[in-house]
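Take a look at the letters that make up each chain.
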Amino acid sequence: MRYFYYDTYYCNIVQWKYFFRDYIIKKPYKEIAFDGEFAPELQFALPFAYWHYKNGTLKKTKASRFTNELYFFSPDHEEAFDIRTNEGNYNFETPRILYSHNYDMKKWLPVPLKETYQNDIYVFDKPILVIANRYNMEWDGPPISFYSLDILSYMISRLKNDYTIIYNRPRPKDITGDNSAIYDLNEFEWLQNEHPDVILMEDLWKENRAKAKTFNHLQLMVYANTSHFLSTHGGTSCLASYFGGKNLILSKRGPEAYFGCYQKLYPKLSGATIFHAKTDEEVKALVEKHFVINH
């Protein structure tokens with residue numbers, strides 16, 4: 001973990017060379033390129049770009065496919081990368097990379113995705129609750145932090161009377177991949193058979209009433225109308241933290257817990273209340289305490 005401490009200080013030092021252009025001259029010059037994984041892009045690259053936009057110094061942004069709507073504020077955005085890489089996470093031109101002991105960052109502003117993409121299309125009789133799941137390779141091994149069919153059944157049964165539940169686990173074709181293989185949890189047909197009242201995000205995409213340009217664009221529009229999320233480790237939980245309200249994150253393993261990311265960084269993204277569960281039993285307890293309305 002000591003390398004992340006070193007990286008924190010190095011990121012600070014790199015920013016010194018831009019002092020006059022950022023704080024004195026303040027003309028558009030900054031070109032920000034990021035081809036790392038989804039979570040660090042949301043945590044660091046996107047708020048960094050937004051700071052430069054508000055500062056009047058942003059010239060251009062470059063990122064992966066399907067990111068135009070994330071960088072809606074950029075005067076010139078290019079979808080330049082077809083795949084996300086682990087090497088791209090180590091972009092020392094950003095105020096932080098990956099994990100840190102210090103999240104008191106300069107040149108970092110939360111991006112108003114909720115305010116930008118709120119709409120009157122994805123509105124239902126009951127408030128929306130999004131279950132944002134994933135089932136990926138983790139650390140070159142099998143999936144670790146995911147909602148199994150058992151825990152899904154429990155959460156849906158307890159919450160379906162209080163919320164309109166939307167289930168989201170993007171297919172590989174709908175997002176920009178990284179080095180993590182995406183496996184099949186075989187839950188989509190199961191959900192249709194066992195819990196037909198749950199709305200699948202992919203069905204909203206097929207219907208596309210809002211005429212979203214990409215699946216990511218649709219996610220932003222649905223999430224913007226949502227204040228209750230049950231999410232999982234990684235970019236899935238990070239995106240859900242951009243929209244205020246409550247976000248319960250299942251993360252069984254990872255440096256995020258060691259560095260207090262869920263307490264120190266994620267709430268900064270929108271002011272959301274973050275709950276971190278390390279086990280399925282903790283998920284159940286937090287769901288009962290903070291999400292079930294009619295006990």
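Structure: above.
Computed from a prediction, not measured in an experiment: that's the story for all the values here. (Residues numbered from 1 in each chain as written. Predicted model: local features only at pLDDT ≥ 70, side-chain atom pairs only at ≥ 80, totals over all residues. Heavy atoms only, no water.)

**Considering the sheet that holds strand 1 (residues 30-33)**
Quick reminder of the rule: Here, any two strands with at least 2 DSSP bridges between them count as paired. The helix count covers DSSP runs of H or I at least four residues long, the strand count covers runs of E at least two residues long, and both are numbered beginning at the N terminus. The convention used is that axes are lines fitted to C-alpha atoms, helices contributing only their stretch in contact, and that angles between N-to-C directions extend from 0 to 180 degrees.
Here three strands make up an open sheet; going across it, the order is 1-2-3 and the pairing parallel. Each edge of the sheet is formed by a strand with only one pairing partner; in this case those strands are strand 1 and strand 3 (77-81). Strand after strand, the sheet turns through a mean of 20 degrees between neighbouring axes, direction not considered. Judged from the four bridges that link them, strand 2 (residues 58-64) and strand 3 form a sheet pairing that is parallel. Counterpart to Lys62 in the pairing with strand 3 is Glu78.

**Some words on helix 8 (residues 215-224)**
For clarity, the threshold we go by: Exposure is judged per residue with a 1.4 Å probe applied to protein chains only, and the accessible area is read against the type maximum: over 50% gives exposed, under 20% gives buried, and values in between give partly exposed. Whether two residues are in contact is decided by their heavy atoms: any pair within 4.5 Å suffices.
In terms of burial, helix 8 is largely enclosed, as 10 of its 10 residues are buried. All buried positions along helix 8 are accounted for by Phe215, Asn216, His217, Leu218, Gln219, Leu220, Met221, Val222, Tyr223 and Ala224. Each element contacted by the buried residues of helix 8 is listed here: helix 4 (113-117), strand 4 (128-132), strand 5 (164-168), helix 7 (201-207), strand 7 (228-232) and helix 9 (235-240).

**With respect to empty space enclosed by the protein**
Stated precisely, the cut-off is as follows: Residues are said to line a cavity or pocket when one of their atoms sits within 4 Å of a point; the points come from a 1 Å grid over protein atoms alone, cavities being sets where a 1.4 Å probe fits but cannot get out and pockets being open sets with protein on both sides within 12 Å along at least five of seven lines. Grid points are joined across faces, edges and corners, and a volume is the space filled by probe spheres set on the points. Residues are grouped as follows: Ala, Val, Leu, Ile, Met, Phe, Trp, Tyr, Cys and Pro are nonpolar; Asp, Glu, Lys and Arg are charged; all remaining types, including Gly, are polar.
One pass over the full model with this rule turns up two cavities of 30 Å³ or more. Counted as a void, the largest cavity has a volume near 40 Å³. Tyr167, Asn168, Arg169, Pro170, Arg171, Phe188, Met201, Glu202 and Phe215 are the residues that line the largest cavity. Of all the secondary structure elements, the ones that give two or more residues to the lining of the largest cavity are strand 5 and helix 7. Residue classes in the lining of the largest cavity are distributed as five nonpolar, one polar and three charged. Put simply, the second largest cavity is a space of about 30 Å³.

**Some details on the layout of surface pockets**
In this structure, the second largest pocket encloses a volume near 270 Å³. What lines the second largest pocket is Cys11, Asn12, Gln15, Trp16, Phe19, Tyr23, Pro95, Arg96, Asn102, Asp104, Lys106 and Lys107. Among the secondary structure elements, those contributing two or more residues to the lining of the second largest pocket are helix 1 (2-16) and helix 2 (19-25). Ranked by residues supplied to the lining of the second largest pocket, first place goes to helix 1 with four residues. When the residues that make up the lining of the second largest pocket are grouped by side-chain class, the tally is five nonpolar, three polar and four charged.

**Some words on a nonpolar patch on the surface**
Note the following rule: Like-charged residues are merged into a patch within 9 Å and nonpolar side chains (Val, Leu, Ile, Met, Phe, Trp, Tyr) within 5 Å, provided each residue has over 30% relative accessible area and no salt bridge. Exposure was quantified through the Shrake-Rupley algorithm and a 1.4 Å probe, taking into account, for residues, occlusion by the shown protein chains and nothing else. Salt bridges are defined by distance alone: a side-chain nitrogen of Lys or Arg within 4 Å of a carboxyl oxygen of Asp or Glu.
Where nonpolar side chains cluster on the molecular surface, the patch consists of Phe19, Phe20, Tyr23, Ile24 and Ile25 and spans about 540 Å² of accessible area. Mapped onto the secondary structure, Ile25 falls in helix 2.

**Examining unusual backbone geometry**
The phi torsion at Asn186 lies on the positive side, around 60 degrees, for a residue other than glycine. Non-glycine residue Asn208 carries a positive phi angle of around 50 degrees. Along the chain, Asn208 turns up in the loop between helix 7 and helix 8. Exposure remark for Asn208: the relative accessible area of 19% places this residue in the buried category.

**Quick notes on the sheet that holds strand 7**
Strand order in this open sheet of six strands is 6-5-4-7-8-9, and the pairing throughout is parallel. Both edges of this open sheet fall to strand 6 (199-200) and strand 9 (273-277), since each of them pairs with a single strand only. Of the pairings in the sheet, the one linking strand 4 to strand 7 comprises four bridges and is parallel in character. Bridging from a neighbouring strand, Ile131 pairs with Leu230 of strand 7. Sheet strands touched by helix 5 (residues 149-159): strand 4, strand 5 and strand 7. Its angle to strand 4, the strand with the most contacts, is close to 180 degrees.

The values are spatial; any link to function lies outside them.
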